[in-house]
There are 2 protein chains.
Amino acid sequence: MTTTKTIEPAAKTRDGRSTREAILAAATRLIHVHGYNHTTLDDILRESGVGKGNFYYHFKSKEDLGYAILDEIVAAFLQRTLDPCFSDPTARPLAQIRCFLDRVLESQRARNGVGGCPLGNLVAELSDVHEGFRRRLAGVFGIWQTRLTDALEAARRCGQVGDACRPDAVAHFLVASLEGAILLTKLTKDISVMEQCVAELGRYLSLYEVGV
Amino acid sequence: MTTTKTIEPAAKTRDGRSTREAILAAATRLIHVHGYNHTTLDDILRESGVGKGNFYYHFKSKEDLGYAILDEIVAAFLQRTLDPCFSDPTARPLAQIRCFLDRVLESQRARNGVGGCPLGNLVAELSDVHEGFRRRLAGVFGIWQTRLTDALEAARRCGQVGDACRPDAVAHFLVASLEGAILLTKLTKDISVMEQCVAELGRYLSLYEVGV
DNA sequence: CCCTGTGTACCGACTGGTTGGTACAGATGA
DNA sequence: TCATCTGTACCAACCAGTCGGTACACAGGG
């Protein structure tokens with residue numbers, strides 16, 4: 001059922017784990033750039049150096065792999081981008097959000113916009129075609145959006161933003177604008193588009209800020 | 001040019017023109033929802049009732065069809081959404097932009113967000129995989145963004161917005177935010193997300209407006 | 001008025017390559 | 001010996017694109 005990682009006394013072949021991880025890593029990389037449908041099993045096998053039978057030992061199907069990759073992407077996003085900004089209790093809510101915007105910008109700068117947002121790409125490609133993926137993706141974006149909503153509500157409670165700020169609507173708008181900015185950056189291959197958009201998003205936020 | 005139904009001298013086989021158009025219409029519909037790679041020629045043929053040989057009489061390849069569809073989508077977008085808002089000389093620039101935002105919202109409401117933005121979908125799916133499509137798509141978004149930049153520059157000249165407004169950056173941000181909002185609406189299947197985002201975009205605009 | 005030639009529009013069977021997925025035999029370690 | 005891994009050969013379905021052929025409108029020459 002669960003991954004039972006804690007119990008695990010390293011009994012399994014040591015490679016049992018790394019094979020699965022090698023597949024996951026290769027597939028995540030390829031699907032990020034080429035999309036889900038356009039990435040073939042053979043591509044993934046070639047990239048990871050794993051045989052086909054071996055692949056089907058670790059994954060039930062390509063779809064199963066897809067779900068696993070989604071979990072992978074989400075975990076990385078939470079760990080590397082979302083959590084670090086919102087876990088510091090000394091920072092004020094709005095500063096947390098601005099920190100998050102910068103972090104997203106940095107993550108795009110690192111790849112110069114190539115590949116775009118792995119989650120956003122899957123939304124565009126699959127959410128009207130594959131209900132299972134759509135539901136999972138909606139869940140992920142829900143988490144992301146909730147984190148922002150919580151911060152905005154905290155900001156309202158401590159008087160950092162005025163009552164005009166509707167946390168839910170603002171959170172939706174932040175997520176949407178970031179996704180759009182990443183998409184446009186991927187299209188133009190010009191990171192300055194991303195920089196401009198994040199800057200405007202910062203100005204937008206200050207619209208609600210009281211006493212600046 | 002026009003459908004020539006009135007004039008109709010039955011010179012060519014009457015079906016010469018409408019066959020191409022039937023293919024184009026069916027393919028545009030299918031690709032909008034299922035994406036480019038995931039829509040097969042057979043799907044298009046079935047949907048349009050056209051034989052395979054006939055298809056390849058009218059189009060060089062699937063890629064060729066793709067380009068034709070792009071032209072189709074762009075023409076429709078310019079004609080039905082972009083031009084009507086910016087061609088009225090009596091409206092002030094900012095009003096033109098707000099009119100445009102509403103029109104985009106309406107176009108999504110009509111389909112309840114299903115399918116998302118046909119152009120945005122193609123960007124996500126193809127721009128990192130197919131350089132030809134990427135270039136064409138970049139051109140289209142360039143036109144769109146230029147139209148907004150022009151309006152913002154006009155707004156600055158006539159004093160409707162202050163000097164803090166950088167037309168280029170604001171135009172990029174508007175396009176990005178709209179695309180992101182459409183994507184999120186497609187994911188959540190909830191048109192109120194789109195409504196919230198457009199409302200926030202309206203507030204953002206008023207940030208630059210002088211004397212409101 | 002017929003015969004022949006030509007260009008346009010169309011059809012559906014077929015092909016070669018690719019895809020996700022399976023069968024199975026061999027390896028490895030407890 | 002048995003359960004866990006892994007490689008290889010294979011398969012049916014599917015894909016974009018090709019090919020040989022049909023139907024027909026329209027010329028022009030006799």
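Small disclaimer: the values here were computed from a predicted structure and weren't measured.

Calculation rules
Residues numbered from 1 in each chain as written. Chains lettered and ligands numbered in written order. Predicted model: local features only at pLDDT ≥ 70, side-chain atom pairs only at ≥ 80, totals over all residues. Heavy atoms only, no water. Core = buried A, V, L, I, M, F, W, Y, C linked by side-chain atoms within 4.5 Å. Buried < 20%, exposed > 50% of the residue type's maximum accessible area, 1.4 Å probe, protein only. Contact = heavy atoms within 4.5 Å. Helix = DSSP H or I, 4+ residues; strand = E, 2+ residues; numbered from the N terminus. Polar contact = N/O pair within 3.5 Å; in protein donor to acceptor, adjacent residues only side chain to side chain. Buried area = accessible area lost by both parts, 1.4 Å probe. Salt bridge = Lys/Arg side-chain N within 4 Å of Asp/Glu carboxyl O. Expected span 1.5 Å × (residues − 1). 1 Å grid on protein atoms, 1.4 Å probe; cavity = no way out; pocket = protein on both sides within 12 Å on 5 of 7 lines; lining within 4 Å. Points joined across faces, edges and corners; volume = space filled by probe spheres on them. Nonpolar A, V, L, I, M, F, W, Y, C, P; charged D, E, K, R; others polar. Near = heavy atom within 4 Å. Domains from an automatic or database assignment.

## Overview of the nonpolar core
Thinking step 1. The biggest cluster of nonpolar side chains holds 136 residues, and the ones touching the most others in it are A:F100 and B:F100.
Thinking step 2. In contact with A:F100, not counting residues within four places along its chain, are A:F77, A:T81, A:L82, A:C85, A:F86, A:W144, A:L148 and A:L178.

## Structural notes on the environment of A:Q160
Residue and element names in this part refer to chain A.
Thinking step 1. By the secondary structure assignment, Q160 is in the loop between α7 (131–157) and α8 (167–188).
Thinking step 2. Under the relative-accessibility criterion, Q160 is labelled buried at 8%.
Thinking step 3. Each C-alpha atom of the pair Q160 and G211 lies 8.3 Å from the other, and the pair is 51 residues apart in sequence.
Thinking step 4. Residues contacting Q160, with those up to four places away along its chain left out, are R92, P93, L94, A95, A155, Y208, E209 and V210.
Thinking step 5. Among the polar contacts listed, one links the side chain of Q160 to the backbone nitrogen of L94, at a separation of 3.1 Å.

## Overview of the interface of chain A and chain B
Thinking step 1. In this assembly, 46 residues from chain A lie in contact with 46 residues from chain B.
Thinking step 2. When chain A packs against chain B, close to 4000 Å² is buried across both sides, 67% of that on carbon and sulfur atoms.
Thinking step 3. Interface area lost by chain A to chain B is led by A:D128, A:L187 and A:E200, which between them contribute 17%.
Thinking step 4. Where chain A meets chain B, there are two salt bridges.

## A word on helix α5 (residues 93–111) of chain B
All names here are of chain B.
Thinking step 1. If you check α5, its first and last C-alpha atoms are 28 Å apart, about what 19 residues at 1.5 Å a residue would give, namely 27 Å.
Thinking step 2. Turning to α5, its buried residues number three or more, namely P93, L94, Q96, I97, F100, L101, V104, L105 and Q108.
Thinking step 3. Buried residues along α5 sit against α4 (62–86), α7 (131–157), α8 (167–188) and α9 (191–206).

## Notes on empty space enclosed by the protein
Thinking step 1. Inspection of the entire model under this criterion finds nine cavities of 30 Å³ or more.
Thinking step 2. Considered as a void within the structure, the largest cavity measures approximately 90 Å³ in volume.
Thinking step 3. Considering the residues around the largest cavity, the lining is formed by 15 residues, among which A:H34, A:G35, A:E125, B:A124 and B:E125 are closest to the centre.
Thinking step 4. Listed by contribution, the elements that provide at least two residues to the lining of the largest cavity are α1 (14–34) and α6 (118–126) of chain A together with α6 (118–126) of chain B.
Thinking step 5. Counted as a void, the second largest cavity has a volume near 50 Å³.
Thinking step 6. Lining the second largest cavity, in full, are A:A124, A:L183, B:G116, B:C117, B:G120, B:N121, B:E179, B:I182, B:L183 and B:K186.
Thinking step 7. Elements with a minimum of two residues in the lining of the second largest cavity: α6 and α8 of chain B.
Thinking step 8. Broken down by element, the lining of the second largest cavity gets its largest block of residues, four residues, from α8(B).
Thinking step 9. By residue class, the composition of the lining of the second largest cavity is five nonpolar, three polar and two charged.

## Quick look at the protein's contact with DNA strand C
Thinking step 1. DNA strand C sits among 18 residues. The nearest are A:T40, A:L41, A:K52, B:G53 and B:Y57.
Thinking step 2. Atoms of DNA strand C within 4 Å of the protein: sugar and phosphate make up 62%, bases the balance.
Thinking step 3. Taking B:G51, its main chain carries an N or O atom lying 3.0 Å from a phosphate oxygen of DNA strand C.
Thinking step 4. Interatomic distance of 2.9 Å between a side-chain N/O atom of B:N54 and a sugar or linking oxygen of DNA strand C.
Thinking step 5. At the level of secondary structure, the elements contributing two or more residues to the surface near DNA strand C comprise α3 (52–58) of chain A together with α1 (15–34) and α3 (52–58) of chain B.
Thinking step 6. For the surface near DNA strand C, the element with the most residues is α3(B), which contributes five residues.
Thinking step 7. Within the surface near DNA strand C, the residues separate by chemical class into three nonpolar, 10 polar and five charged.

## Some thoughts on the domain arrangement of chain A
Residue and element names in this part refer to chain A.
Thinking step 1. The domain architecture assigned to chain A consists of domain 1 (1–59) and domain 2 (70–206).
Thinking step 2. Placing the centre of domain 1 and that of domain 2 at their C-alpha centroids yields a distance of 28 Å.
Thinking step 3. Counting from both sides, the interface comprises eight residues of domain 1 and, opposite them, 13 residues of domain 2.
Thinking step 4. The tally of links from domain 1 across to domain 2 stands at five residue pairs in polar contact (both at pLDDT 80 or more).

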